[in-house]
Amino acid sequence: MEQNINTIIIGLNLDQADFNYSMEELEQLTTANHLKTVGKVTQKLPHPEAATYFGKGKVEEVAQLVVTTNASTIIANDELSPSQIRNLEKATNATVMDRTGLILEIFATRAHTREAKLQVELAKLKYQLPRLRTGASQHLDQQSAGGGLANRGTGETKLELNRRTIEHQINHVRHELKESEQSHATQRKRRAESHLKTVALVGYTNAGKSTIMNQLVQRFGENEDKQVFVKNMLFATLDTSVRKLELPGHRSCLLSDTVGFVSKLPHQLVAAFQSTLSEAAQADLLLQVVDYSDPNQALMMETTNATLQEIGVPELPMITVFNKADLAGAAYPIRTGHEIIISAKDEHSIDLLVETIITQLFADEVVKSFTIPFADGAVVESLNRQFAVQQTDYTEAGTVLTVRLPQAAVGRYQKYLTNN
């Protein structure tokens, strides 16, 4: 959509505890899509009106507000049926969009990589499929006055043709995504074979995940120029980034930044981004980043945990990172168990975060001694490259290395183990 279009946001309070928060979030989403919120209308009802979402009086209030604010767009806080959209548009003479459609538009403008674009395209097609009847019904209405049943049949044929076209597009996009998923699977297999630990940043959009990633990459990354886009906006970036970090003590790991979550994240998007979000499912450690300065932080954590369950992420070790403590006016950095309070732009905060990651991620490390014949110099090189070699000695039998490494990696060098 064009920038600064006057927009009215509307929402039904069905006695939800988080209603006010979800409306605030809807306004932020509207801003993220470069729309200007000029009015807000809410109503408390036990259930949505089947025909118009709002009750008749509230619909008239919205229509009047459209006139007085010169608004051209209305965005509802819930997913609307095709008939609700059509009836509201007739009653208000404005374009009506629901929350799902808004998020899909934002995702469409934020996707940059081929895979992200395909994922958004799949979600949009799945969203459009059950809504074809809106356009078809308008087409039939226009024809019914002069054509009777013959034209009605023609309209239904057109609807079926449109449906088959979208279903064909869905199958095509799924096929292309399957190729990307196979590529991801190959990459994950290589990582597993390298025994590199993986850490995934998860959490609400705009909680500071990308800022934390950039700080870590700048200090510990193989290439500090490989930073990710950061902006104070919901869904500033959708593309999953994976970077290798060389942490203190000769410890290496992979860090991935996943797409941010938001309440009422459309199921179409969750399904479409399954392969991207699987970075979290495959991780050895999750860092759940929470905006400590936001009064709705508890609801944000609930949303994150619910989304992780929806995408099938198992009960993985997790560190809860309460970020933006500087904006909250709180003391930092502080660590209590598996929780840490930081400001991502503070050097001491990053130090404590890295220390916490190392403690949690490498808890299974052991110290072993290996005696490697001089003829097997490649093994010495491998151990030095991948793990923390604490001591090197030379004997008649070969090179003796004292190495700190994950228990799971010991088996690869079983035949070189010194009796220890």
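Below or above, wherever it landed, is the structure these notes cover.

So, how was this worked out
- Residues numbered from 1 in each chain as written.
- Predicted model: local features only at pLDDT ≥ 70, side-chain atom pairs only at ≥ 80, totals over all residues.
- Heavy atoms only, no water.
- Helix = DSSP H or I, 4+ residues; strand = E, 2+ residues; numbered from the N terminus.
- Contact = heavy atoms within 4.5 Å.
- Areas by Shrake-Rupley, 256 points an atom, 1.4 Å probe, with all protein chains shown as cover.
- Pairing = 2+ DSSP bridges.
- Axes fitted to C-alpha atoms, helices over the stretch in contact; angles between N-to-C directions.
- Core = buried A, V, L, I, M, F, W, Y, C linked by side-chain atoms within 4.5 Å.
- Buried < 20%, exposed > 50% of the residue type's maximum accessible area, 1.4 Å probe, protein only.
- Polar contact = N/O pair within 3.5 Å; in protein donor to acceptor, adjacent residues only side chain to side chain.
- Salt bridge = Lys/Arg side-chain N within 4 Å of Asp/Glu carboxyl O.
- Parallel < 35°, antiparallel > 145°, perpendicular 65-115°, else oblique.
- Left-handed = near helix turned anticlockwise from the far one by under 90°.
- Nonpolar A, V, L, I, M, F, W, Y, C, P; charged D, E, K, R; others polar.
- Phe/Tyr/Trp six-rings, centres within 6.5 Å; stacked < 30°, edge-to-face > 60°.
- Expected span 1.5 Å × (residues − 1).

Further remarks concern the overall build of the protein chain. Counting secondary structure elements, the protein chain contains 14 helices and 14 strands. Of the contacts made within the protein chain by residues no fewer than 6 positions apart, 69% connect residues no fewer than 24 positions apart. Here the protein chain displays about 20400 Å² of accessible surface, and carbon together with sulfur accounts for 48% of that area.

Spatially, three strands are ordered β12-β14-β13 in an open sheet, and the strand pairing comes out antiparallel. Two strands close off the open sheet at either side, each with one partner strand: β12 (365-372) and β13 (388-395). In this sheet, neighbouring strand axes are inclined to one another by 15 degrees on average, regardless of whether the strands run parallel or antiparallel. Across eight bridges, β12 lies against strand β14 (residues 398-406) in antiparallel orientation. Residue pairing in the sheet places I372 in a bridge with T399 of β14.

One open sheet accounts for four strands, arranged β2-β1-β3-β4; its pairing is parallel. The open sheet has two edge strands, β2 (35-44) and β4 (95-98), and neither has a second partner. Looking at each pair of strands side by side, their axes are set apart by 25 degrees on average, direction ignored. Here strand β3 (residues 73-76) pairs with β4 via four bridges, running parallel.

Further remarks concern the nonpolar core. I212, L247, L287 and I357 are the most contacted members of the largest nonpolar core, which has 65 residues in total. Broken down by element, this core gets its largest block of residues, seven residues, from helix α12 (residues 347-361).

With respect to the secondary-structure elements, T69 resides in helix α2 (residues 56-69). One polar contact links the side chain of T69 to the main-chain carbonyl oxygen of L65, over a distance of 2.6 Å. Leave out the neighbours within four places in its chain, and T69 touches N6, I8 and V38.

Let's shift gears to the pattern of salt bridges. Within this structure, the stated rule accounts for 14 salt bridges. In this structure, the salt-bridge partner of E25 is R99, at a minimum N-O distance of 2.2 Å. With E25 in helix α1 (residues 19-32) and R99 in helix α4 (residues 99-110), this residue pair connects regions lying 74 residues apart in the sequence. Given the relative accessible area of 2%, E25 is considered buried. A salt bridge links E365 to R404; the shortest N-O distance between them is 3.0 Å. Linking E365 in strand β12 with R404 in strand β14, this pair joins segments that are 39 residues apart in sequence.

Turning next to the packing of α2 against helix α3 (residues 82-92). Taken N-terminus to C-terminus, the directions of α2 and α3 make an angle of 55 degrees; their axes are 9 Å apart at the nearest point. Judged on the interaxial angle alone, α3 and α2 are oblique. Handedness of the α2/α3 crossing: right-handed. Of α3, the residues touching α2 (which contributes V59, V62, A63 and V66) are L88, A91 and T92. Looking at the contact of α2 with α3 residue by residue, the classes come out as six nonpolar, one polar and no charged.

Let's shift gears to the packing of aromatic side chains. Here the structure, examined in full by the defined rule, presents five aromatic pairs. Ring centres of Y292 and F322 lie 5.3 Å apart, and the angle between their planes is 55 degrees; on these two criteria the pair is classed as tilted. Separated by 30 residues along the polypeptide, Y292 in the loop between β8 (285-291) and α10 (297-310) and F322 in strand β9 (residues 318-323) bring together distant segments of the chain. On the basis of relative accessible area, F322 is assigned to the buried category, the value being 8%. Summarising the aromatic geometry, the rings of F370 and Y413 are spaced 5.9 Å apart at their centres and angled 65 degrees between planes, so their arrangement reads as edge-to-face. Of this pair, F370 sits in strand β12 while Y413 sits in the segment after α14 (407-410), and the two are 43 residues apart along the sequence.

In a regular helix each residue adds 1.5 Å, so 12 residues correspond to 16 Å; α4 covers 17 Å between its end C-alpha atoms and thus fits that length. The element α4 is largely enclosed, with a buried count of nine among its 12 residues. Along α4, the residues that are buried comprise R99, T100, G101, L102, I103, L104, I106, F107 and R110.

Between α4 and helix α5 (residues 114-128), the least distance of the axes is 10 Å, while the angle of their chain directions is 155 degrees. Relative to α5, the element α4 lies roughly antiparallel. In this structure, α4 meets α5 at a crossing whose hand is left-handed. Between α4 and α5, the residues in contact are T100, G101, L104, F107 and A108 and V120, A123, K124 and Y127, respectively. Considering only residue class, the contact of α4 with α5 consists of six nonpolar, two polar and one charged.

As a further point, take the pairing of strand β7 (residues 251-257). Look at any regular strand and the pattern is simple: side chains alternate between the two faces of the sheet. Most of β7 is tucked away: seven of the seven residues are buried. Covered by surrounding structure in β7 are R251, C253, L255 and D257 together with S252, L254 and S256, the residues of both alternating faces. Relative to β7, strand β5 (residues 197-203) is paired through five bridges, and the arrangement is parallel. When the sheet's bridge partners are listed, K197 is paired in β7 with C253. Where strand β6 (residues 241-247) lies against β7, seven bridges are found, and the strand directions are antiparallel. Along β7, the bridge assignment pairs L245 with C253.

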